[in-house]
Amino acid sequence: MVCNHQMRTEAMKNLFLTSSGLNEKTAALFWECIGKEPVNTKAILVPSAAVGNDGAREGIIVCIERLANMGIPLHNILLYDLAHLLSDGYKRTYSSYISDVPVPFRLMTAQELTQYDMIVFCGGNARTLLSEINRTGFAKPLKQAVENGLVYLGISAGSMVAAGNFSDGLGYLANPLIPHAEKESPRGEIPKNDWIELADGQMVWIKGERQEIK
């Protein structure tokens, strides 16, 4: 299965579910799907899985460093912590006079999300991340944006919330994922509904309706 810029412009969903991030081989495929040079790429980083303790917060630093090492300028990375967003359905009171809430503190629309090339969900506590996605109502614009070409990169917890680990997850993959597995699942097409043991260096690639382990 080949990915290129033309395919990306056809607004087909494109998800990279990794255990520990991209390696040299998978990064090459990833950039083919982005269809831009890293220096011109705009990314959203969602760190909400890694805010439980300082050890987890270190993962945010590592994720920023990896994105920078991929060649993405720091000023092209939006840090979007869902913990700063109001809950879905909440009606503002004393702040209701503020009509122009800055992006990091409000729910982005699907159109706003698709102004970026990629969204990255870093590792940490998958249940915490998914709770924040559902609390804020972020799943709806996120899914619309992914269908419209926003590339999804999951790392550990960020991959689990897109897979079958939770009944209220994003639902892109029926199979539950075990990241950082010592025994890796065979590469190739995914067996139906079986657990996937995803070793560091592996990933699940979802392109349209096609799903495979790389």
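Described in the following lines is the structure provided in the data block. (Residues numbered from 1 in each chain as written. Predicted model: local features only at pLDDT ≥ 70, side-chain atom pairs only at ≥ 80, totals over all residues. Heavy atoms only, no water.)

1. As for the overall build of the protein chain
To keep things clear, this is the line we draw: Runs of E in the DSSP output that reach at least two residues are strands. Runs of H or I that reach at least four are helices, and both are numbered from the N terminus. Both definitions apply: the radius of gyration is a C-alpha atom measure, and the globule rule equals 2.2 Å times residues to the power 0.38. Whether a residue is buried, partly exposed or exposed follows from its accessible area with a 1.4 Å probe, protein chains only, as a fraction of its type maximum: under 20%, in between, or over 50%, in that order. The contact criterion used throughout is that any non-hydrogen atoms of two residues lie within 4.5 Å. Every accessible area reported is derived by Shrake-Rupley at a probe size of 1.4 Å, with residue values counting cover from the shown protein chains alone.
Looking only at helices and strands, the protein chain features seven helices and 10 strands. Relative to its length of 214 residues, the protein chain is compact, with a C-alpha radius of gyration of 17 Å against a globular reference of 17 Å. Dimensions of the protein chain, computed from C-alpha atoms along their principal axes, come out at roughly 55 × 35 × 30 Å. Residues classed as buried in the protein chain amount to 48% of the 214 residues present. Restricting to contacts in the protein chain with at least 6 residues of sequence separation, those with at least 24 account for 70%. By element, 52% of the accessible surface of the protein chain is carried by carbon and sulfur atoms, the whole surface being about 10600 Å².

2. Considerations on the side chain of aspartate 81
Formally: A residue counts as positive if it is Lys or Arg and as negative if it is Asp or Glu; His and the chain ends are not included. Salt bridge criterion: a side-chain nitrogen from Lys or Arg within 4 Å of a carboxyl oxygen from Asp or Glu. Any pair of N or O atoms that falls within 3.5 Å is considered a polar contact. Within protein, one atom must be able to donate a hydrogen and the other to accept it, and sequence-neighbouring residues count only if both atoms are side-chain atoms.
With respect to the secondary-structure elements, aspartate 81 resides in the loop between strand S3 (77-79) and helix H4 (110-113). Notably, aspartate 81 is buried but unbridged: the nearest opposite-charge side chain belongs to arginine 135, and the N-O separation is 7.4 Å. A distance of 2.9 Å separates a polar atom in the side chain of aspartate 81 from a polar atom in the side chain of serine 48. The residues contacting aspartate 81, other than those within four sequence positions of it, are Pro47, Ser48, Val51 and Pro104.

3. Some remarks on the packing of aromatic side chains
Rules: Geometry of aromatic contacts follows a simple scheme: Phe, Tyr and Trp rings, the Trp one being its six-membered ring, pair when their centres are within 6.5 Å, and the pair is stacked under 30 degrees between planes, edge-to-face over 60, tilted otherwise. Throughout this description, the term charge over a ring refers to an Arg CZ or Lys NZ atom that lies within 6 Å of the ring centre and within 35 degrees of the ring normal.
Under the defined criterion, the tally for this structure stands at six aromatic pairs. Their ring planes at 75° and their centres at 5.1 Å tell us that phenylalanine 16 and phenylalanine 30 sit as a pair that is edge-to-face. Residue phenylalanine 16 is located in strand S1 (residues 14-18), and its partner phenylalanine 30 is located in helix H2 (residues 24-34); the two are separated by 14 residues in the primary sequence. A single burial state applies to phenylalanine 16 and to phenylalanine 30, both of which are buried. Taken together, a centroid distance of 4.9 Å and an interplanar angle of 20° make the contact between phenylalanine 121 and tyrosine 152 stacked. With phenylalanine 121 in strand S4 (residues 118-121) and tyrosine 152 in strand S5 (residues 151-155), this residue pair connects regions lying 31 residues apart in the sequence. Given the relative accessible area of 0%, phenylalanine 121 is considered buried. Connected via pairs of aromatic rings, a cluster forms that spans Phe16, Phe30, Trp31 and Trp205. Here the guanidinium or amino end of lysine 42 rests over the ring plane of tyrosine 116, the centre of that ring lying 4.7 Å away.

4. Notes on helix H5 (residues 126-136)
To keep it simple, the criterion reads: Relevant arc is that of directions from the helix axis to the C-beta atoms, nothing else.
Listing the buried residues of H5 in full gives Ala126, Leu129, Leu130, Glu132, Ile133 and Thr136. Seen end-on, H5 carries its buried residues on one side only, within an arc spanning 160°. Residues of H5 that are buried sit in contact with strand S2 (43-46), S4, helix H6 (139-147) and helix H7 (157-160). Sitting at the head of H5, asparagine 125 places a side-chain oxygen 3.0 Å from the backbone nitrogen of arginine 127. Phi turns positive, to about 75°, at glycine 137, one or two residues after H5.

5. Quick look at H6
Structural remark: α-helix, 3.6 residues per turn; residues separated by three or four positions point the same way. Among the residues of H6, those classed as buried are Ala139, Pro141, Leu142, Ala145 and Val146. All buried residues of H6 project into a common sector of 170° when viewed along the axis, lining one side. The elements touched by buried residues of H6 are S1, H4, S4, H5 and S5. The positive-phi residue at the C-terminal boundary of H6 is glycine 149, with phi of around 115°.

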